[in-house]
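Topology and contacts: notes
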Amino acid sequence: MRITICRASCVLCALLAHDLRAQPAVPVRTLTTLAASTDTLGLVIGVRQLKNGQLLVSDGGHRRLLMLDPTLRTTSVVLDSAPGKVNSYGSRATPILAYLGDSSLIFDFAAQTMVLIGPSGAVGRAMAVPNPRDLQTMAGSLAGIDDRGRFVYRGLSRKRGGKVGANASPLMVVNDNTNGTQSNADSVPLLRVDFQSRQVDTIADLKNFFSRRIQLDSTPEGRPIIRSYNNPAPLSDEWAMLSDGTIAMVRGHDYHVDWLASDGRISSTGKTPFDWKRLTDDDKRRMIDSARVRDSLETETRLSIQRAAEARAKAAGRVSNASTASGRGGGEPNAFTSNRPGGLPIMQTKYVALSEMPDYLPPVRNGALRGDADDNLWILPTTSAQSQRGELVYDVVNRKGELFERVRIPLGRVIAGFGQGGIVYLTSGSIKGGFHLERAKIAK
C-alpha cells in the first residue's frame, strides 16, 4: 500500500512538472520608436489620440493644451497659458478625459467646472463637476468616463456611518476607541456619477494606500500631539478604466483582478503571476530608513507652514485651534480639529514595528494602473525580474484576465498615453531641459 501511494505521488509530481514546463513563458516585449516631437514641451499630463490620428496633449508644464498631427508636430494651441483669455488654460495642470466620441473633458479649477473640447479642438460648453469639494481628487486619481458617459473616480475617506464628509481626506481619522489610538479609513469608495441625473453611486471599495494608525496625546501644557504610524510597504487596491468602459480593480493582497462592466456585470479572474519578493528584517529596516529620510523632508515643509500659521495667529491676537493634519483651517470639527487648548497640534511621524510590515513586498504600486486603447490593462508592479537596468516593466492583462505579455519601457521614458494597435506614447527629458513626446509600437 505504501509503495502504491509513493508511486502515485511520483506520477502526480511528474505530471505537475510536465504541466509547468508545458506552460509558455510570458513574452517580454520591447518598444520601437516610430516618431519623436521636435517641439520642447513642459511636463506632459496626458495624451489622447483621436480617430484622425491627431493628438490632444495637455502640456501642464507650460500650461497649454496642444493639437499635434500624426508626425508629432504642433498644429494649433487649443488653450493658451496667457491668463484672462477665453481660451486660457488656467493656473493648474489638468489631465485629459476621453468623453463620448472624440470629444474630451479637462478641468477648470478656477471655475470648478469641466470644459468640453470638441474633436477639432474647439472649446465647447462648461460642465458642472459632480462635487466641487472632490475636484482635486477627481483630477489627481486617474478618473475616467465609461462608454455611457458616466464619470468614475476614487472618492475620499468615509466618515462614521459610511458617509463621505465635506472635509474628508485620505488621512482623515474615522475610527475612535478608548485608548487614544485611532485610524483613518481602511478603504475608500470608487464612485460613479451620472451627469444627467446627478446621481452618485458607490460601485466598489478600494483598500486605502494612505491608511495610517493614529495616536493622540498631549504635552503637559495641553498642546495636542498627533502621532502617525507609517508603514513603508502598505497594501492597496488600484483601479483603471479600459477603453470599452470596463473598470479593472487589482487587489493588492493577492494580485487578482476584479472586473466591473459598464452594464453592471461583475467578474473576477485568478491570481496574476507575480515575482513575489520576500522581505527579510534587514529589508524592512532599509525601507524604514528610506521612508524616514523622505518623511523628514515632508515634515520640515509642513512645520514651516505650521510656524507661519502660528505666527499669523499670534499677530492677530488669537490661538488657532482649527487646523487639520495638513495645516488647513476651517471645516467641521474632527479628531484633528477638536477644541483643544494649547494651539496647533504637534505632528510626529513614527514607524510601525517590523512585525506589522508584510512578509512580502506588496505587488501593486499606488496609481500604477492604466488602460490602453485595445481594452488591455497595464499594471506596473513593485518589482519585476525582467527589469535589466532599472527599466519599468509593465504586466499587460487582457479582458479575459490573462497575463499575455510584459512590456519593457526604455530607460528614462514614462508612458503618457496610448493609441490603437499597440501604440504607446512616451515622454523623455527633464524639468530643466524640457520634454519630448515619442510614439512607439510594441515589437512582436
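Shown above is the structure to which this text applies.
Everything in this summary refers to the structure shown in the same document. (Residues numbered from 1 in each chain as written. Predicted model: local features only at pLDDT ≥ 70, side-chain atom pairs only at ≥ 80, totals over all residues. Heavy atoms only, no water.)

**Observations regarding the pattern of salt bridges**
Note the threshold: Any Lys or Arg side-chain nitrogen found within 4 Å of a carboxyl oxygen on Asp or Glu counts as a salt bridge. Secondary structure is summarised from DSSP: a helix means a run of H or I of at least four residues, a strand means a run of E of at least two, and numbering begins at the N terminus for each. Three labels apply to residues, based on accessible area from a 1.4 Å probe with only protein chains included: buried if under 20% of the type maximum, exposed if over 50%, partly exposed otherwise in between.
This model, assessed by the stated rule, comprises 20 salt bridges. Close ionic contact of arginine 154 with glutamate 238 constitutes a salt bridge, the shortest N to O distance being 3.0 Å. In this pair, arginine 154 sits in strand β11 (residues 151-154) while glutamate 238 sits in strand β18 (residues 238-241), placing the two residues 84 residues apart along the sequence. Of the two residues examined, arginine 154 and glutamate 238, each falls in the buried class. As a salt-bridge pair, glutamate 391 and arginine 389 come within 3.9 Å of each other at their nearest N and O atoms. For glutamate 391, a relative accessible area of 8% translates into the label buried. You can call arginine 389 exposed: its relative accessible area is 61%.

**A look at a nonpolar patch on the surface**
Cut-off, in case you're wondering: Within this analysis, patches are made of residues with over 30% relative accessible area and no salt bridge. Like charges are joined at 9 Å or less; nonpolar side chains (Val, Leu, Ile, Met, Phe, Trp, Tyr) at 5 Å or less. Only the protein chains shown count as cover for residues, and all accessible areas are computed by the Shrake-Rupley method using a 1.4 Å probe.
A contiguous nonpolar surface patch, about 280 Å² in accessible area, is contributed by Leu43, Ile45 and Ile431. With respect to the helices and strands, isoleucine 45 occurs in strand β2 (residues 44-49).

**Remarks on the pairing of strand β4 (residues 64-68)**
For the record, the criterion: At least two bridges found by DSSP between two strands is the condition for calling them paired.
β4 sits mainly inside the fold: four of its five residues count as buried. Where strand β3 (residues 55-59) and β4 come together, five bridges link them in antiparallel fashion. Each residue of the ladder has a partner; that of leucine 56, found in β4, is methionine 67. Joining the antiparallel neighbours β3 and β4 is a turn of four residues, in which arginine 63 adopts a positive phi near 55°. Pairing analysis gives four bridges linking β4 to strand β5 (residues 74-79), with the strands arranged antiparallel. When the sheet's bridge partners are listed, leucine 68 is paired in β5 with threonine 74. Here β4 folds back onto β5 in antiparallel fashion, the turn holding five residues, of which leucine 72 has a positive phi close to 70°.

**Considerations on the packing of aromatic side chains**
Think of a pair of aromatic rings as described by two things: how far the centres are apart, and how the planes are tilted against each other in angle. Here is the rule we go by: Centre distance within 6.5 Å is the pairing criterion for rings of Phe, Tyr and Trp, where only the six-membered ring of Trp is used; planes under 30 degrees apart are then read as stacked, over 60 as edge-to-face, and the remainder as tilted. Any Lys NZ or Arg CZ found within 6 Å of a ring centre and within 35 degrees of that ring's normal is scored as a charge over the ring.
Counted by the stated rule, this structure contains ten aromatic pairs. Both rings, one in tyrosine 255 and one in phenylalanine 274, keep their centres 5.1 Å apart while their planes meet at 55°; by these two values the pair is tilted. Linking tyrosine 255 in the loop between β19 (247-251) and β20 (256-260) with phenylalanine 274 in the loop between β21 (266-271) and α3 (281-315), this pair joins segments that are 19 residues apart in sequence. Look at tyrosine 255 and you get buried, because its relative accessible area is 0%. Through successive ring pairs, a cluster of aromatic residues spans Tyr99, Phe107, Phe109, Phe151, Tyr153 and Phe195. A cation over an aromatic ring shows up here: arginine 213 above the ring of tyrosine 229, its NZ or CZ 4.1 Å from the ring centre.

**Quick look at the sheet that holds strand β9 (residues 123-128)**
Overall, antiparallel pairing links the four strands, which are arranged β6-β7-β8-β9 in an open sheet. The sheet terminates laterally at β6 (97-98) and β9, the two strands that pair on one side only.

**Structural notes on the side chain of arginine 408**
Which entries qualify depends on this criterion: Only four residue types enter the tally: Lys and Arg on the positive side, Asp and Glu on the negative side; His and the chain ends are excluded. Here a polar contact means two N or O atoms within 3.5 Å. Within protein one must be a hydrogen donor candidate and the other an acceptor candidate, and residues neighboring in sequence count only if both atoms are side-chain atoms. Any two residues whose heavy atoms approach within 4.5 Å at even a single point are treated as in contact.
In this fold, arginine 408 is placed in strand β26 (residues 403-408). One buried charged residue, arginine 408, forms no salt bridge at all, with the nearest opposite charge on glutamate 391 at 4.5 Å. A polar atom in the side chain of arginine 408 sits 2.8 Å from the backbone oxygen of glutamine 386. With near-sequence residues (within four places) excluded, arginine 408 lies in contact with Val28, Arg29, Thr30, Leu31, Gln386, Gln388, Glu391, Leu392 and Val393.

**Considerations on the sheet that holds β4**
For sheets, the rule is that strands pair by backbone hydrogen bonds, running either parallel or antiparallel. Stated formally: Axis definition: a line fitted to C-alpha atoms, limited for helices to the stretch in contact. Angles are taken between N-to-C directions and run from 0 to 180 degrees.
Taken in spatial order, the four strands make up an open sheet running β2-β3-β4-β5, and their pairing is antiparallel. Only two strands of the sheet have a single neighbouring strand rather than two, namely β2 and β5. Adjacent strand axes in the sheet meet at a mean angle of 20° when their direction is disregarded. Pairing between β2 and β3: five bridges, direction antiparallel.

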